[in-house]
Amino acid sequence: MAQTHVLILGAGMAGFSLARNLRKDVAAHRMRVTVVDPQPYLTYKPLLPEVAGGETQPRDTAVTLERPLRHCTLLAGVLESVDVENRTAVVRGIDGTQQPVEFDHVVFALGAVSKVMPIPGLAETAIGFSSLEEALFLHDHVLERIRFAATTTDPAERQRALTFVFVGGGYTGVEAIAELQLLARAEFGRFPQLAGESMRWMLVEVAGRIAAELPQPLSEWTSDLLRTRGIDVLLHTEMKSCENGVVELSDGGSYPSDTVVWVAGVTPNPVLHRAGVPLGAKGHVQCDACLQVITADSTPVQGAWGLGDNAQVPDLTAPSQPAYYPPNAQNAVRQATTLGENLQRAIDGRPPVEYRHRSLGMLASYGGGRGAAVVRGIRLRGIPAWMVDKLYHAVALPSLARRVRLALGWIANTLTPRDSASTDAVRHPRRRFQQAAAAQAKGD
């Protein structure tokens with residue numbers, strides 16, 4: 001009996017979890033699994049704010065694919081096209097060559113990317129916050145700007161360097177600015193040259209409250225916490241432009257800044273437009289409750305499945321319809337379990353089961369032993385919420401070795417200050433060698 005070939009496009013939390021769940025079927029020779037992703041590791045994104053803030057080491061949030069997915073064939077590349085009807089995909093490898101891949105089932109788990117709006121200067125000036133590289137860059141960048149401010153004699157340049165603008169007040173944006181501001185505050189105090197100066201931290205949100213995923217009382221408590229720390233929370237406010245690093249707001253404010261962080265939502269990976277499957281109005285793969293890709297008239301597309309941030313999956317447990325599951329790791333992991341079962345059922349000729357999940361709650365960590373959470377309807381804030389957040393992520397991180405390192409790092413954080421060592425130079429590793437070569441050439 002020929003093995004069923006499952007092609008998983010994407011190795012984020014959803015694709016990684018699904019591929020790992022299928023290892024028994026691979027061992028039983030029921031399936032063979034191919035995973036396509038340009039990165040050699042999975043990033044555990046809920047911990048990115050802690051990486052930026054120096055509370056968690058970058059490697060402790062990155063899980064290599066090779067070992068946990070050794071039962072799979074890993075293709076390092078990106079999707080070029082998919083022909084679902086003929087069960088063929090084309091993958092462009094990291095070496096630039098194109099490789100056709102035949103499959104019996106294809107799974108779209110391509111995740112999401114930062115949603116970039118047509119704001120003047122945004123693409124040229126701002127940075128997102130959806131990858132390990134961006135989080136690490138911001139950690140180093142904030143430290144470097146403070147060091148620059150302590151060196152320059154130009155007051156305007158100093159204020160520009162010490163102005164940090166975050167656009168988007170969802171829980172990711174709130175966690176990111178909270179962690180980075182604590183890092184910056186500790187570093188700022190180490191420079192006597194900055195005595196009498198002040199930093200300006202701004203969180204810009206178009207809606208009437210931040211952390212809207214939380215109940216309003218916790219959202220208001222979060223706003224009060226940030227303001228107590230010296231962060232300006234600007235509600236009902238939009239960024240109109242950031243050309244040349246000058247942030248123009250809808251309230252008329254104008255703020256030159258070297259740091260503009262865009263955390264105003266995500267959108268499905270645009271690679272999906274090359275996938276040859278029906279997409280919804282927002283670019284999602286349209287799925288039914290069984291995670292099967294469907295057409296505009298709700299007809300299932302045989303052999304095509306979707307899950308995670310790039311899929312719009314109906315939430316049949318919601319009291320009002322239509323409703324869809326939010327894009328988060330909690331749903332990605334559980335959808336992977338359901339889809340693993342449905343792939344087994346498809347091989348056996350049995351009908352698929354529906355994905356149904358009631359949210360366990362919401363967690364947000366703001367550093368400094370503070371957080372906000374809703375766990376099974378119970379509202380927490382402050383230290384209890386922060387501790388629950390730490391416990392959850394210590395369990396959810398999909399690697400035992402990384403969990404141990406993560407926990408040991410948190411223990412060390414209680415005894416030592418935040419990591420304020422900048423590794424900015426690694427982005428230009430050959431610079432010193434080239435400078436040395438140029439100097440010696442002049443000497444000759």
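To be clear, the structure that these remarks concern was listed above.
Residues numbered from 1 in each chain as written. Predicted model: local features only at pLDDT ≥ 70, side-chain atom pairs only at ≥ 80, totals over all residues. Heavy atoms only, no water.

Caption draft 1: Geometry of the overall build of the protein. The secondary structure content of the protein amounts to 12 helices and 25 strands. Its C-alpha radius of gyration of 23 Å places the protein within 12% of the 22 Å reference for a compact globule of 444 residues. When contacts within the protein are restricted to residue pairs at least 6 apart in sequence, long-range pairs at least 24 apart make up 67% of them. Accessible surface for the protein amounts to roughly 21200 Å². Of this, 53% is attributable to carbon and sulfur atoms. If the 44 positive side-chain charges of the protein are averaged to one point and the 44 negative ones to another, these points end up 6 Å apart. (Helix = DSSP H or I, 4+ residues; strand = E, 2+ residues; numbered from the N terminus. Rg over C-alpha atoms; globule rule 2.2 N^0.38 Å. Contact = heavy atoms within 4.5 Å. Areas by Shrake-Rupley, 256 points an atom, 1.4 Å probe, with all protein chains shown as cover. Lys, Arg positive; Asp, Glu negative; His and termini not counted. Charge placed at Lys NZ, Arg CZ, Asp CG, Glu CD.)

Caption draft 2: Broad picture of the side chain of Arg145. The residue Arg145 is located in helix α5 (residues 132-151) in this model. Ignoring sequence-local partners within four residues, the contact set of Arg145 consists of Ala161, Phe164, Asp258 and Thr259.

Caption draft 3: Here's a closer look at helix α9 (residues 329-348). Look at α9: 29 Å from first C-alpha to last across 20 residues, which is about the 28 Å you get at 1.5 Å a residue. Inspection of α9 places Gln330, Asn331, Ala332, Gln335, Ala336, Thr338, Leu339, Gly340, Asn342, Leu343 and Arg345 among the buried residues, and these make up the whole buried set. In the segment just after α9, Gly349 is the residue with positive phi, at about 80 degrees. (Expected span 1.5 Å × (residues − 1). Buried < 20%, exposed > 50% of the residue type's maximum accessible area, 1.4 Å probe, protein only.)

Caption draft 4: How the structure looks around the sheet that holds strand β7 (residues 88-93). Strand order in the open sheet formed by 3 strands is β6-β7-β8, and the pairing between neighbours is antiparallel. On the outer flanks of this sheet lie β6 (77-83) and β8 (98-102), each paired with one strand and no other. Between one strand axis and the next, the sheet turns by 25 degrees as a mean value, whatever way the strands run. Where β7 meets β8, 5 bridges bridge the pair, whose relative direction is antiparallel. (Pairing = 2+ DSSP bridges. Axes fitted to C-alpha atoms, helices over the stretch in contact; angles between N-to-C directions.)

Caption draft 5: Seen up close, the environment of Leu226. As for its placement among the helices and strands, Leu226 is situated in helix α8 (residues 216-228). With a relative accessible area of 0%, Leu226 lands in the buried category. Between the C-alpha atoms of Leu226 and Leu203, which are 23 residues apart in sequence, the distance is 9.3 Å. What Leu226 contacts, discounting residues up to four positions off in sequence, is Val174, Ile177, Ala178, Leu203, Ile210, Ile231 and Val233.

Caption draft 6: Focus on the nonpolar core. If you look at the biggest cluster of nonpolar residues, it comprises 59 residues, and the most contacted ones within it are Ile8, Leu9 and Phe108. A total of 5 residues in this core trace back to one element, the largest contributor, which is helix α1 (residues 13-21). Ignoring anything within four residues of it in the chain, the contact list for Leu9 reads Val36, Leu79, Val82, Val106, Val107, Phe108, Ala109 and Leu110. Within the second largest apolar cluster, 47 residues are counted, among which are Leu48, Leu180, Ala184 and Ile231. (Core = buried A, V, L, I, M, F, W, Y, C linked by side-chain atoms within 4.5 Å.)

Caption draft 7: Representation of the pattern of salt bridges. Taken as a whole and judged by the stated rule, the model has 14 salt bridges. In this structure, Glu144 engages Arg145 in a salt bridge whose closest nitrogen and oxygen atoms are separated by 2.9 Å. On the basis of relative accessibility, which here comes to 12%, the residue Arg145 falls in the buried class. Glu354 is the salt-bridge partner of Arg356, the closest N and O atoms lying 3.0 Å from each other. Classification of Glu354 as partly exposed rests on a relative accessible area of 40%. Residues participating in the shared-partner salt-bridge network are Asp25, Arg30, Asp348 and Arg350. (Salt bridge = Lys/Arg side-chain N within 4 Å of Asp/Glu carboxyl O.)

Caption draft 8: The pairing of strand β13 (residues 231-234), seen in detail. Both strand β12 (residues 200-204) and β13 contribute to a ladder of 4 bridges, which runs parallel. Note on β13: the bridge partner recorded for Val204 is Leu234.

Caption draft 9: Fine view of the packing of aromatic side chains. Tallied over the entire structure, the rule returns 4 aromatic pairs. An aromatic cluster of three or more residues is present, and its members are Phe164, Phe166 and Trp201. The aromatic ring of Phe148 is capped on one face by Arg145, whose charged end is 4.4 Å from the ring centroid. When the ring centre of Trp410 is taken as reference, the NZ or CZ atom of Lys390 above it lies at 5.3 Å. (Phe/Tyr/Trp six-rings, centres within 6.5 Å; stacked < 30°, edge-to-face > 60°. Lys NZ or Arg CZ within 6 Å of the ring centre and 35° of its normal.)

Caption draft 10: Broad picture of the sheet that holds strand β1 (residues 4-9). In spatial order, the strands read β5-β2-β1-β9-β21-β20; together these 6 strands make up an open sheet with mixed pairing. The sheet terminates laterally at β5 (73-75) and β20 (292-294), the two strands that pair on one side only. On average, adjacent strands in this sheet sit at an angle of 30 degrees to one another, irrespective of strand direction. Where strand β2 (residues 31-36) meets β5, 3 bridges bridge the pair, whose relative direction is parallel.

Caption draft 11: Geometry of the side chain of Asn269. Here Asn269 shows up in the loop between β18 (266-268) and β19 (285-286). Exposure remark for Asn269: the relative accessible area of 15% places this residue in the buried category.

Caption draft 12: Fine view of unusual backbone geometry. Here the bond from Gln321 into Pro322 is cis, since omega is 0 degrees, no more than 30 degrees from zero. Mapped onto the secondary structure, Pro322 falls in the loop between β22 (311-312) and α9. Phi angles above zero are rare outside glycine, and Arg87 is one such case at about 55 degrees. Mapped onto the secondary structure, Arg87 falls in the loop between β6 and β7. With a relative accessible area of 26%, Arg87 lands in the partly exposed category. One non-glycine residue, Asn244, lies in positive phi territory at about 55 degrees. Inspection of the secondary structure assignment puts Asn244 in the loop between β14 (239-241) and β15 (246-249).

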